[in-house]
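Structural description and commentary
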Amino acid sequence: MSATKEIADLEREYRSFNWPRPVFELALRWLRERDPGPSQEVTLVHGDFRHGNLIIGADGVRAVLDWELAHVGDPMEDLGWICVNSWRFGEIDKPVGGFGTREELFAGYEGAGRKVDPDRVMFWEVMGTLRWGIMCCGMMQRFRQGPDHSMERAMIGRRSSETEIDLLRLLAPRGG
């Protein structure tokens, strides 16, 4: 799937809720205006790469779980996803999963012989944040409309407002 198609799919899903959110509108416009086009490199992308899907032992990473979203695509997508604020669990100043900096992530990635494109990573971080926000809205919609009125859906659904704050932080002009 291309970034262009994913933006269109996210927008279609968001509009289906008939639940206007100005920050989501802003993020969709930002993504459309900065769509980087097809990646020069295409690799296996995990699709949900974050510490909640890692098993780590004393000797480092032992396993990567939850491959159901794996696909062929832009390798910067996984780097952007692990930087989404929702996976930091309060460690907002450590953008890589709440345990590191982007510079450390990029250095490790490049140390393994891969090239990082920070602009593409930022694009995918914004895309991931919006994607998670829309997924949260979907949970709330399913809670509201039934048949699953579980507390879990309601709790995840309320997190959509957190993603709006995250998007505003990401999209705010930098500097003076």
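In what follows, the accompanying structure is described. The model shown is predicted, which means the values in this text are computed figures rather than measured ones.

With that settled, the discussion passes to the overall build of the chain. Within the chain, the secondary structure is distributed over seven helices and four strands. Reading the chain from its N end, one meets helices and strands in the order α-α-β-β-β-β-α-α-α-α-α. Since a compact globule built from 176 residues should have a radius of gyration of about 16 Å, the 16 Å found for the chain is in line with a globular shape. Once the C-alpha set of the chain is aligned to its principal axes, its extents read approximately 50 × 40 × 35 Å. A burial count over the chain gives 44% of its 176 residues as buried. Here the chain has roughly 9,800 Å² of accessible surface; of this, 57% comes from carbon and sulfur atoms. When the 23 positive and 28 negative side-chain charges of the chain are each reduced to one mean point, those points stand 4 Å apart.

To continue, consider the nonpolar core. Of all hydrophobic cores here, the largest spans 31 residues; its most connected members are L31, F123, M127 and L130. Of all the elements in the fold, those that place two or more residues in this core are α1 (3–16), α2 (22–34), α3 (76–82), α4 (102–111), α5 (118–145) and α7 (160–171). Beyond its immediate sequence surroundings of up to four residues, M127 is in contact with A3, E6, I7, L10 and L31. Of all hydrophobic cores here, the second largest spans five residues; its members include W81, V84, W87 and C136.

This paragraph deals with the packing of aromatic side chains. Under the definition given, this model contains four aromatic pairs. For the pair Y14 and F24, a centre-to-centre distance of 5.7 Å together with 65 degrees between the ring planes defines the contact as edge-to-face. Of this pair, Y14 sits in helix α1 while F24 sits in helix α2, and the two are 10 residues apart along the sequence. For the pair formed by Y14 and F24, the shared burial category is buried. Here the basic side chain of R21 rests over the ring of W19, its NZ or CZ set 4.4 Å away from the ring centre. The aromatic ring of W19 is capped on one face by R144, whose charged end is 5.0 Å from the ring centroid.

Take the side chain of S160 next. Residue position: S160 is located in helix α7. Within the structure, S160 has its side chain in polar contact with the backbone oxygen of G157 (distance 3.1 Å). When residues no more than four places from it in sequence are discounted, the contact partners of S160 are R21, F24, G133, C136 and C137.

Before going further, it helps to spend a moment on the pattern of salt bridges. Two side chains carrying opposite charge are able to pair once their charged atoms lie near each other. Tallying each qualifying case throughout the model produces 20 salt bridges. When the shortest N-O distance is used, the salt bridge between R50 and D48 registers 2.9 Å. The class for D48 is buried, based on a relative accessible area of 9%. Among the ionic pairs, R88 bridges to E125, the shortest N-O distance being 3.2 Å. You can see R88 sitting in the loop between α3 and α4 and its partner E125 sitting in helix α5, a full 37 residues away along the chain. Among the residues examined, E125 registers a relative accessible area of 2% and is labelled buried.

Further remarks concern the side chain of D74. Among the structural elements, D74 can be located in the loop between β4 (71–73) and α3. Note on D74: relative accessible area 6%, which makes it buried. Of note is the side chain of D74, whose polar atom sits 2.7 Å from the side chain of R120. Dropping the residues within four chain positions of it, D74 is found in contact with S39, E41, V45, R120 and W124.

The subject of this paragraph is unusual backbone geometry. Positive phi outside glycine occurs at N18, with the angle close to 50 degrees. If you trace the backbone, N18 turns up in the loop between α1 and α2. On the basis of relative accessibility, which here comes to 68%, the residue N18 falls in the exposed class. Despite not being glycine, D66 shows a phi value in the positive range, around 60 degrees.

Quick notes on the rules
Residues numbered from 1 in each chain as written. Predicted model: local features only at pLDDT ≥ 70, side-chain atom pairs only at ≥ 80, totals over all residues. Heavy atoms only, no water. Helix = DSSP H or I, 4+ residues; strand = E, 2+ residues; numbered from the N terminus. Rg over C-alpha atoms; globule rule 2.2 N^0.38 Å. Buried < 20%, exposed > 50% of the residue type's maximum accessible area, 1.4 Å probe, protein only. Areas by Shrake-Rupley, 256 points an atom, 1.4 Å probe, with all protein chains shown as cover. Lys, Arg positive; Asp, Glu negative; His and termini not counted. Charge placed at Lys NZ, Arg CZ, Asp CG, Glu CD. Core = buried A, V, L, I, M, F, W, Y, C linked by side-chain atoms within 4.5 Å. Contact = heavy atoms within 4.5 Å. Phe/Tyr/Trp six-rings, centres within 6.5 Å; stacked < 30°, edge-to-face > 60°. Lys NZ or Arg CZ within 6 Å of the ring centre and 35° of its normal. Polar contact = N/O pair within 3.5 Å; in protein donor to acceptor, adjacent residues only side chain to side chain. Salt bridge = Lys/Arg side-chain N within 4 Å of Asp/Glu carboxyl O.

Any functional reading would require information that these geometric values do not contain.
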